[in-house]
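# Survey of secondary and tertiary structure
Spelled out, the chains give:
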Amino acid sequence: MIGSIVFHIHLIAAIAWIGGSIFMFVLGISLRDKQAQKQVYPIVGPIFGWFELITLIILLLSGIKLGIDYNLFKMMFYDMGIPVSNAVTKKVAIVIVLTLVTVVHFVVAYRTNDRERTPTEQILSRASSMLIFILNLFVMHYAIVLRNIL
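Residues numbered from 1 in each chain as written. Predicted model: local features only at pLDDT ≥ 70, side-chain atom pairs only at ≥ 80, totals over all residues. Heavy atoms only, no water.

### Comments concerning helix H4 (residues 83–111)
For H4, with 29 residues, the first-to-last C-alpha span of 42 Å sits near the 42 Å given by 1.5 Å per residue. Considered for burial, the residues of H4 that qualify are Val84, Ser85, Ala87, Val88, Lys91, Ile94, Leu98, Thr99, Val101, Thr102 and Val108. (Helix = DSSP H or I, 4+ residues; strand = E, 2+ residues; numbered from the N terminus. Expected span 1.5 Å × (residues − 1). Buried < 20%, exposed > 50% of the residue type's maximum accessible area, 1.4 Å probe, protein only.)

Rendered as structure tokens:
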């Protein structure tokens, strides 16, 4: 029962996380006008950032709970050479990188919300945003693989 509730919470958080990521990615590439960006991002950015941070924490906590409940971490640490242990290992590795990249992006965005970004901050922000988008697709792929196996 509790495993089912945790799974559903994890699924809803994943939908929110990936949907929000796609929304911000589309917003970022469709707002070409610098003036429009200066009007939109200071308002949408902080709201979205805190929402996504909470969602990420929910995903990490529920993912850890599910990994323990379904013995997925045992399969990962004691590689059994089966598809589920390979999928878990890859998904966890990608989630770790995704979390680190998200922290970088969040810190840069939060620190520069009320001022112009330096060229380095701009590169970090855009590169991390693109990487978050791409990594989300891989996490989603391995989530589907795991769900099909389990």
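### Remarks on the pattern of salt bridges
Evaluation of the coordinates by the stated rule reveals 2 salt bridges. The salt bridge partner of lysine 65 is aspartate 69, with a shortest N-O separation of 3.1 Å. Placement of both lysine 65 and aspartate 69 in helix H2 (residues 34–69) is noted, with a separation of 4 residues, approximately one turn of the helix. The partner of arginine 115 in a salt bridge is glutamate 121, and the shortest N-O contact between them spans 2.8 Å. Since its relative accessible area comes to 37%, arginine 115 is described here as partly exposed. (Salt bridge = Lys/Arg side-chain N within 4 Å of Asp/Glu carboxyl O.)

### Re the packing of aromatic side chains
According to the stated counting rule, one finds 4 aromatic pairs in the structure shown. Ring centres 5.2 Å apart and planes at 80° place the aromatic pair tryptophan 50 and phenylalanine 106 in the edge-to-face group. Of this pair, tryptophan 50 sits in helix H2 while phenylalanine 106 sits in helix H4, and the two are 56 residues apart along the sequence. Relative accessible area serves as the criterion here: at 41%, tryptophan 50 is assigned to the partly exposed category. Seen in terms of ring centroids, tryptophan 50 and tyrosine 110 are 5.9 Å apart; in terms of plane orientation they differ by 85°. Their pairing is edge-to-face. (Phe/Tyr/Trp six-rings, centres within 6.5 Å; stacked < 30°, edge-to-face > 60°.)

### Observations regarding the environment of serine 62
Within the secondary structure layout, serine 62 lies in helix H2. Classification of serine 62 as buried rests on a relative accessible area of 6%. Sequence spacing of serine 62 and alanine 13 is 49 residues, and the spatial spacing of their C-alpha atoms is 9.2 Å. Apart from the residues within four sequence positions on either side, serine 62 is in contact with Val6 and His10. (Contact = heavy atoms within 4.5 Å.)

### Quick word on H2
One turn of the α-helix equals 3.6 residues, which is why residues spaced by three or four share an orientation. Its maximal kink placed at tyrosine 41, H2 deviates by approximately 40°, while the proline proline 42 follows within four residues. Taken residue by residue, H2 has Ala36, Gln37, Phe48, Gly49, Glu52, Thr55, Leu56, Leu59, Ser62, Leu66 and Gly67 as its buried positions. (Bend = angle between axes of the 7 residues up to and from the residue.)

### Observations concerning unusual backbone geometry
For residues besides glycine, phi is generally negative; the peptide bonds are generally trans as well. If you check the backbone angles, asparagine 71 has positive phi at about 55° while not being a glycine. The topology assignment puts asparagine 71 in the loop between H2 and helix H3 (72–77). Residue classification places asparagine 71 among the partly exposed positions, given a relative accessible area of 38%.

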